[in-house]
Amino acid sequence: MVMAALRFHLKEGLHSFWLEKELLCALCGKKTGPICLNCEEKYFFPEAGRCFSCGKITFPEAKYCSDCLANKGPQSLARVWAWGYYSGAWKEFIRDIKFKSRPRRLAEIRQPLSNWVLRHLPVVDGIMAVPMHSDRLAERGFNQAEVIASLLHWELGLPLLQGLERQAATRPQVELSRRDRLLNLKGAFIVPDIRRLTGLSVWLVDDVITTGATLEACAQVLLENGVSKVFGLSLAAGAEKGLVPSRE
Amino acid sequence: MHFFLTMIEQIGLRFSPFPEVDKFFYKKETEYLPTGLSLSLLEKIFYKNISENLDYSTGLLKMSKPELQAKLEERLKGWGDLLPAGSWHWQQAETWPGRAASEYASPPESREFDSCIRGRQLTDKELGRLAVQIGSDLQSVLRWAQVRVLKGWGEWIPGIRLEGQKWRCQRCGETELEEWPGIGGNMVTCRSCSSLGVNSSQQVLYRDKQGLERKSETVSFCLQPALTSAQEEVSSQVLEFVGQTEEKEALLWAACGAGKTEVCFPSAAWALENGKSVLFAAPRQDVITDVAPRLQRNFPEQQIQILAGMIPLKYQKGNLVLATTHQILRFYQAFDLIFLDEMDAFPYQGNRMLEWGLQQALSPEGKIVYLTATPSEEGLRKNKHAGRNLFRLPARHHRYPLPVPQWLKFTYRPQKPGLNRKMEKQLREAVARGITLIFVPQISWVGPLVQYLELKFSNWRIAGSYSSDPDRKQKIEDLRQGKYSLFVCTSILERGVTIPNVQVVVLAADHPVFEKRSLIQMAGRAGRTKEYPDGLILLVSARKTAAVTGAVNWIREQNYYAASLGLLDLL
Ligand SMILES: [Zn+2]
Ligand SMILES: [Zn+2]
Ligand SMILES: [Zn+2]
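Everything quoted here is computed from the prediction, not taken from an experiment. (Residues numbered from 1 in each chain as written. Chains lettered and ligands numbered in written order. Predicted model: local features only at pLDDT ≥ 70, side-chain atom pairs only at ≥ 80, totals over all residues. Heavy atoms only, no water.)

Caption draft 1: Geometry of unusual backbone geometry. All names here are of chain B. Residues other than glycine seldom take positive phi values, yet K27 does so here, at roughly 55°. Take K27: it is sitting in the loop between α1 (19-26) and β3 (30-32). Notably, Q333 is not glycine yet its phi reads approximately 40°, a positive angle. Relative to the assigned elements, Q333 resides in the loop between β17 (320-324) and β18 (335-340). (Helix = DSSP H or I, 4+ residues; strand = E, 2+ residues; numbered from the N terminus.)

Caption draft 2: The packing of helix α7 (residues 229-244) of chain B against helix α8 (residues 260-273) of chain B, seen in detail. Residue and element names in this part refer to chain B. Relative orientation of the contacting elements α7 and α8 amounts to 35°, with a least axis distance of 8 Å. Between α7 and α8 lies a crossing of right-handed hand. Residues Q231, V234, S235, V238, L239, V242 and G243 of α7 lie in contact with α8, whose contacting residues are E262, V263, P266, S267 and W270. Among the residues forming the contact of α7 with α8, the class breakdown is seven nonpolar, four polar and one charged. (Axes fitted to C-alpha atoms, helices over the stretch in contact; angles between N-to-C directions. Left-handed = near helix turned anticlockwise from the far one by under 90°. Contact = heavy atoms within 4.5 Å. Nonpolar A, V, L, I, M, F, W, Y, C, P; charged D, E, K, R; others polar.)

Caption draft 3: Main features of the sheet that holds strand β6 (residues 91-92) of chain B. Residues and elements named next belong to chain B. The four strands are arranged β2-β1-β3-β6 in an open sheet whose pairing can be described as antiparallel. Only two strands of the sheet have a single neighbouring strand rather than two, namely β2 (12-16) and β6. As judged from the five bridges shared by strand β1 (residues 4-8) and β2, these two strands associate in the antiparallel manner. In the sheet register, T6 faces β2, and the bridge partner there is R14. Its contacts with the sheet place α1 against β1, β2 and β3, and it is angled at close to 20° to β1. (Pairing = 2+ DSSP bridges.)

Caption draft 4: Structural view of the domain arrangement of chain B. All names here are of chain B. Partitioning chain B into structural domains gives domain 1 (1-101), domain 2 (106-210), domain 3 (229-393) and domain 4 (406-564). Here the C-alpha centre of domain 4 lies 29 Å away from the C-alpha centre of domain 3. Taken together, the contact pairs 17 residues of domain 3 with 13 residues of domain 4. Here domain 3 packs against domain 4, burying approximately 1,400 Å² in sum over the two surfaces, 48% of which is carbon and sulfur. (Domains from an automatic or database assignment. Buried area = accessible area lost by both parts, 1.4 Å probe.)

Caption draft 5: Molecular detail of the coordination of the zinc ion (ligand 3). Residue and element names in this part refer to chain B. Coordination sphere of the zinc ion (ligand 3), protein contribution only: C169 (SG), C172 (SG), C190 (SG) and C193 (SG), at 2.2 to 2.3 Å. Angles of 104 to 113° at the metal separate the four donor atoms of the zinc ion (ligand 3), which places the site in the tetrahedral class. All donors of the zinc ion (ligand 3) come from a single chain, and their spacing in sequence reads C-x2-C-x17-C-x2-C. Judged by its relative accessible area of 0%, C193 falls in the buried class. (Donors = N, O, S within 2.8 Å, 3.2 Å for Na, K, Ca; no water. Tetrahedral: all angles 85-135°; square planar, octahedral: opposite > 155°, others 65-115°. Buried < 20%, exposed > 50% of the residue type's maximum accessible area, 1.4 Å probe, protein only.)

Spelled out as structure tokens, the structure:
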């Protein structure tokens, strides 16, 4: 419901909004942007792989991360990708968007993000965002996942799909243990109108993947309601142990 | 923070964050609509339609319930996506989830809250910090704030509000804001005051309307050191302005090093004794750290709130406050008397944000005294035009004239540091007299010049510094203690630093960053102490610019004026 209001607005006003030019690196603010070579190496690991199951950054030859090999990852998604490593300046950037009310900053990275997504993800019928509970949405004023999805929609021309909704406010994921996270999410998502999604393949977008539990919960509900395939996509996730040289 | 459209029997309609607190307060039937929204969204949805029936000062609606219902339905048509019809059933305040209002009634911490919150303008995050400090929790503090709102002692306002067609940050007054697509339309975030924490149109500010606690008291005040007769004269003029006139603003123009802050102390003492609140504000932290011990020495028993820099807000009590100009954005109609020091100094001049903050922090009857060593011509003109008082203190306490700069023709090339013979001779002379400061226009000049000078004058101790130098603090301390013969820096070397027996050289005095007033400020570092009332000042450049001539004339004029008032022993 709230999403629809947002979407309406996005269609009206957002196109020109994403066309802004940014010259300096969005992360370090020093070298040439939108993301400088330095930061690309440091946070986006162009040579590394992504865990098929949870999107985490892995060694190039590995298909799954060690967590997912131990069956701790999501099971229902066809494949998952995280763009960058959730740390340092990239983490700051994402936190700026969420906690400092600066969704506009996403415009700075629209180009490298959509290039990367085009290179890795399969073409689908539409893009969908992980919904936020209306209470929290009313407080923050925007859903960052929704803004990312709309950005990709404008850049790549894929339709934005609606129909997935969040029912009750769940406690923030970070406060919970892994097991509790899964329980916490059970039943949080619904598809009120089955007809709209039958047979479609989708990218399911979130800002950050921590355990993959949120994506898993959404994917389960989507698949139960007729969606044919769900691919997960996020701006950031963790990295396989040993992949990132320990800093400082 | 969520607000709810709340209807209170016989009272009317409000936007309340806690309908059950309203019910507890009024002891009247209270209902609310259960969809919580940000205050700005509620305003946006409802004000347009009902404003003619709304009393803005009380937030109350003069309308019957059926009338209101009809209006709401009409209004909500356009917002069906955000607020589907089903979410608009009035609910009894008792159904409110969470602890009952009675539990928050009035434990001792709420009295502590009441005295800390006065005169403040804070975000809900900042209220949370206050809660921790007084040993309470955010939920209680927010409810006590709501009680103050119901009593008419405070109000909730959106952090950024549409004023006509234009968004304006309610904390700092900024109108150039970062716009983004939010629910139900564009929203905005303010970047200007972000160093104080996030502020956006989704944010809410609690604005207290009671001002600081004002109570008459005997103020232990002892002037140390005593004022000179020149200072005393001006001091009584300021006191007269503060205590006996209807005028709102005055400008105190004093020579560099004339002791203008002390001149204001008797007026501050008078104000405190008469139950008024007083703020000393300065744009930079170093000025605050310089003034703090002087204030404490002169008001030994007074509780002084010192709010400087970006340190996390610490809530203190007392109606004598010393703060950086940034901090004043956290006050609302709190002060009866404001002394704004160094009004010409970076970053105050031309800064709309601090201008706004100052007006907001001033009580409706309050007065401002601007203190400056170098008013701009425009500033003086404006002052005159506004019919403001101008008080002048042109002489230093030691009754010697200000040292007058000499101009020296020499072209310095930063790419190829070097001095000609004439320049070298002058520099040796300066160093022979005392510690010599060399001011350069750009940070990048500092390093190469220091290197060159170290080679050339290997028996002198030489150093240089600029504002982002990590060793800056230590170097400044060493400089203060006289460990260097020669020190290279940019013009923003801390103004609070007084170095006895200092000589001043300004290199490339014709560079555009050196305006007349910055030349005067740099020259003003020489001859400040009684032991060394004189000093050598060299303005070195290829051309004699208007700024150079202007600065020299200005200083001469100050001296003539001081002499004409009989404030100088020698001229
Ligand atoms: Zn970079
Ligand atoms: Zn994995
Ligand atoms: Zn602001």
